[in-house]
Every structure is written in C-alpha cells, then in structure tokens.
Amino acid sequence: MHTKGHARSIVEVSVLGSVFVCLVLLALALRDTEVVELVSQGKTVTTSQYSLRAGLCGHLPICLRVADAWVGLALEQTLVQASRVLDMLPDRHRPEALSIPVKESYLVIVSVVVTRMLGFVPVLVAAFFAYRGAILRLLLMVAVFMSIFGWARSGPLFVEQGMGASDFSTIGFLFVLFVLISGGYMRSFFAAAAALVAGQLIFENLGMVTGVAVVVYGFAINREAPPGPRARAAAKRLLGLAGVSLVTLGMLYLAIALNADAAQQVGAGGGGGLVGYFGHAFDTFGRVNIQEFHDIRENFVEILAYPSATGILLGLLAAFAFTDENRNRDALRRQFWSALALWIGFMCTVVIGFFLSGLYYEMGRQLVPLCCLTTLAWAKGIELAAAKARTGD
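Here the structure is a predicted model, which is why all the values come from computation and not from measurement.

Caption draft 1: Expanded view of the environment of Leu136. When you line up the elements, Leu136 lands in helix α6 (residues 134-149). C-alpha of Leu136 to C-alpha of Leu317: the two residues are 181 residues apart in sequence and 8.2 Å apart in space. If we ignore the near neighbours within four places in the chain, the residues touching Leu136 are Tyr131, Leu314, Leu317, Ala318, Phe322 and Glu325.

Take a look at the structure:
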C-alpha cells in the first residue's frame, strides 16, 4: 500500500512538473520579448541583457534590479567557461553553422531560458504548499499562468505588452513570500529583513511589498494581544523594515554612483541623479496618469476581473468539490492572510507608482503580479469562508 502511494506521488510530481515546464515555455513565447528575439532572429550573441544590469549601469530604475541579473550572468559564464574547458570544437562538416562562437551563443540563450524558469519555480512550490490534491495544484498553476499569458484581454492593453526578466522574477519572489509568511518562517525581524533585501534587489518595489506584507500579516494573525499594542508593535516593525529598505537602496545607489561609467548616466533619461529621476518620472508619467485616471480605473477593474473569477472558482472547487483536502482552518487562515497581505503590499506600490511609473501605458505588464496574487487571495478566502460556515463561526 505504501509503495502504491509512493508511486502515485512520483507520477503526480512528474506530471505537474511537466505541465509547469510547458506553461513556462509558453509564457516566454507569449510575453518575453528578449527570449523571442534571441530564438527567432538566429543571430550570434555573445551575452544577454543580464550583463547590462549585473554591471550596475546608470539607468534608473532598471539598473536597481540586479539580483536576477547576477544569477543569469553567473549561469551564462558557467556554461560558456565550461564549454571552453571541454574544448568544444567546431563541426568539420559545417564549420559555419557550428563554430565555437555559435555554440557559445546557444549556451547564452540556454542560460537565459533556464534563469527565467528558475524564477518561476516558486509558483510550482506554492501550488504544492497551498493544496494537497494534484488537480487543485494544477488548476492553481494554470490560473496563475493564464494571468501571465494575458488571457481574455481586449485590445493591446494586455497581450501586446512584453515582459522582462525582472517581471518574471517578481512573480516568483511573491510566491516565495507566500510560502515563507504563511509557513511561519518570517516571524523574526532578521528573517523579514533578509527577505526584504533579497526582494528589493530583484525589483525596487519588492522591498516595500515585503515590509508591508509581513507587518499586515503579523497584525492580522496575532489575536492574543489587544489591538492597541498590536498596532504599536506593527508600526515599530514597519519603521524598522523601512529603514532596512532605505539602507539597501542607498548602498546600491552608492555602488552605481561609484561606477565611473554609470555615474555619468544616473537618472532617467541620463543625468540628474536620484532627484532628477523622480522629477523626470513625475513629469513624464505621473502627470499622464493623473490626466487619464478615469481610463486607468476602468482598466484596473477589467484587468483584475478575470483573476478574481478564477480565484473564486478555484476556492469554490476546493471547498465543495474536493472535500478530501481537509485543510486545517488555522492553515487556511494563515494562507489567506499571507496572500491578502501580499496583495495589500503590492497595491501600496501601485499607488506610489501611479505618480512615478508609466502605469497608463503598461498596466498590462505592471499589474501581472497583482493579478497572480488576486487569484491566490480569492481562492484561499473562499475556502476559509466555507470552512468557517461549516463550523458556524
């Protein structure tokens, strides 16, 4: 009996893993402009776009997103150097097609794709963490990737906007946080601070997302203390994490400024430093967002409508069609508040980005992580509500 159960688990993991790989490759084909260009144009490349950000360039805010670039460049160099050690000789029958530069070009493309896939792995991990059954795990993955694909969108609002490497890493990091927060691994200030630093090096807004999410979750999940002391403790922790975020940003900015080549270009559009960047961002994007607020509001509702629907459907299925899940209500509560806290944290950055980013022009890219969190929050919220209704609480 134990052997059959073990074999079934292996089959489920294999099937879900295979589906995950297919979903990732499809996401890259539909939304990743760099990968599509590298594969379709057939040009010989010596390095990827990771090398630009990994070298601490001067264009803000793109060059603040270095973590995934470091991973991608390290993998690229590892593959290329390993090929040189192995002395990959050209094919004597087709030297023009399989020369050493061409073979190394293939390795660069492979490193880009593998790095993207590694960034998505937390989605698979979170699916196993959120549900026990293979079908629900599969449905959660499909629902999340449907938001990444840009399904059921009208016009160029969503589908025609490509996504970059750091966008995919952002989604993966949010699902890492979902597992860590709901699993109780972020209780200490040092653990939260470490996660904040890691997130901020992936995308500049993830420091705030992490800090807000950890504080909101801690306040909501802790029912032992009265609201007043809980609020004061939450405020102190939020201030502490904000300090960590500012120090991280300051150190990264200092490293860029000390880079002689990058220092000449620091700021959006080149020059102006950090203050110049904020002024340029507001003049270029913030004013447009304010003027077009009506359209932004309508597009926001439209974009979140579909992940909301999939989340509600998934929650209803988990609560009523797959009763064998038998989820502990405390676990459901932790998962729901973890997802909702992350949603609130990301929404805070959307509000700030309204004044500094091209939200009106690229909502279909900027809101994809929020769409993924929306599905997760609805799914766990419906399941928790159903569990409470059964017990009459």
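Caption draft 2: Inspection of the environment of Val13 at higher detail. Locating Val13 in the fold gives a position in helix α1 (residues 2-31). Spatially, the C-alpha atoms of Val13 and Ala134 are 8.3 Å apart, while their sequence positions differ by 121 residues.

Caption draft 3: Quick peek at the pattern of salt bridges. One pass over the full model with this rule turns up eight salt bridges. Taking the shortest distance from any N to any O, the salt bridge between Arg116 and Asp32 comes out at 2.6 Å. Of this pair, Arg116 sits in helix α5 (residues 100-130) while Asp32 sits in the loop between α1 and α2 (33-41), placing them 84 residues apart in sequence. Residue Arg116 is classed as buried on the basis of its relative accessible area, which comes to 2%. A relative accessible area of 1% means that Asp32 is categorised as buried.

Caption draft 4: Representation of helix α14 (residues 329-353) in the model. Taking 1.5 Å as the rise per residue, α14 with 25 residues should run 36 Å; its terminal C-alpha atoms sit 36 Å apart, in good agreement. For α14, the N-terminal cap is Asn328; the gap from its side-chain oxygen to the backbone nitrogen of Asp330 is 2.7 Å.

Caption draft 5: Structural context of the side chain of Asp68. Tracing the sequence through the fold places Asp68 in helix α4 (residues 67-85). Note on Asp68: relative accessible area 6%, which makes it buried. Apart from the residues within four sequence positions on either side, Asp68 is in contact with Tyr50, Arg53, Thr115, Ala165, Ser166, Ser169 and Ile202.

Caption draft 6: View of a nonpolar patch on the surface. Taken together, Val71, Val110, Val114, Leu118, Val121 and Val125 make up a surface patch of nonpolar side chains, about 430 Å² in accessible area. Counting through the fold element by element, Val125 comes out in helix α5. You can call Val125 partly exposed: its relative accessible area is 44%.

Conventions adopted
- Residue numbers run consecutively from 1 along every chain, following the written order of its sequence.
- Restriction of local features to residues with pLDDT of at least 70 applies here, the model being predicted, together with a cutoff of 80 or more for giving and counting side-chain atom pairs; totals for whole chains, interfaces and linings are based on all residues.
- Heavy atoms from the whole structure form the basis of all side-chain values; hydrogens and water molecules are not counted.
- Secondary structure elements are defined from DSSP: runs of H or I of at least 4 residues count as helices, runs of E of at least 2 residues count as strands, and each element is numbered from the N terminus.
- Contacts between residues were defined by any pair of non-hydrogen atoms, one from each residue, lying within 4.5 Å.
- Only one rule defines a salt bridge in this text: a Lys or Arg side-chain nitrogen within 4 Å of an Asp or Glu carboxyl oxygen.
- Classification of residues uses two cut-offs on accessible area relative to the type maximum, computed with a 1.4 Å probe and protein chains only: under 20% is buried, over 50% is exposed, and between them is partly exposed.
- A helix is expected to span 1.5 Å for every residue after the first.
- The term polar contact refers here to a pair of N or O atoms within 3.5 Å; inside protein, the definition further demands a hydrogen-donor-capable atom paired with an acceptor-capable atom, and it admits residues adjacent in sequence only when both atoms are side-chain atoms.
- Only residues whose relative accessible area exceeds 30% and that take part in no salt bridge are eligible for patches, with like-charged residues grouped when within 9 Å of each other and nonpolar side chains (Val, Leu, Ile, Met, Phe, Trp, Tyr) grouped when within 5 Å.
- Here the accessible surface of atoms and residues is derived via Shrake-Rupley with a 1.4 Å probe, and residues count as covered only by protein chains that are part of the display.

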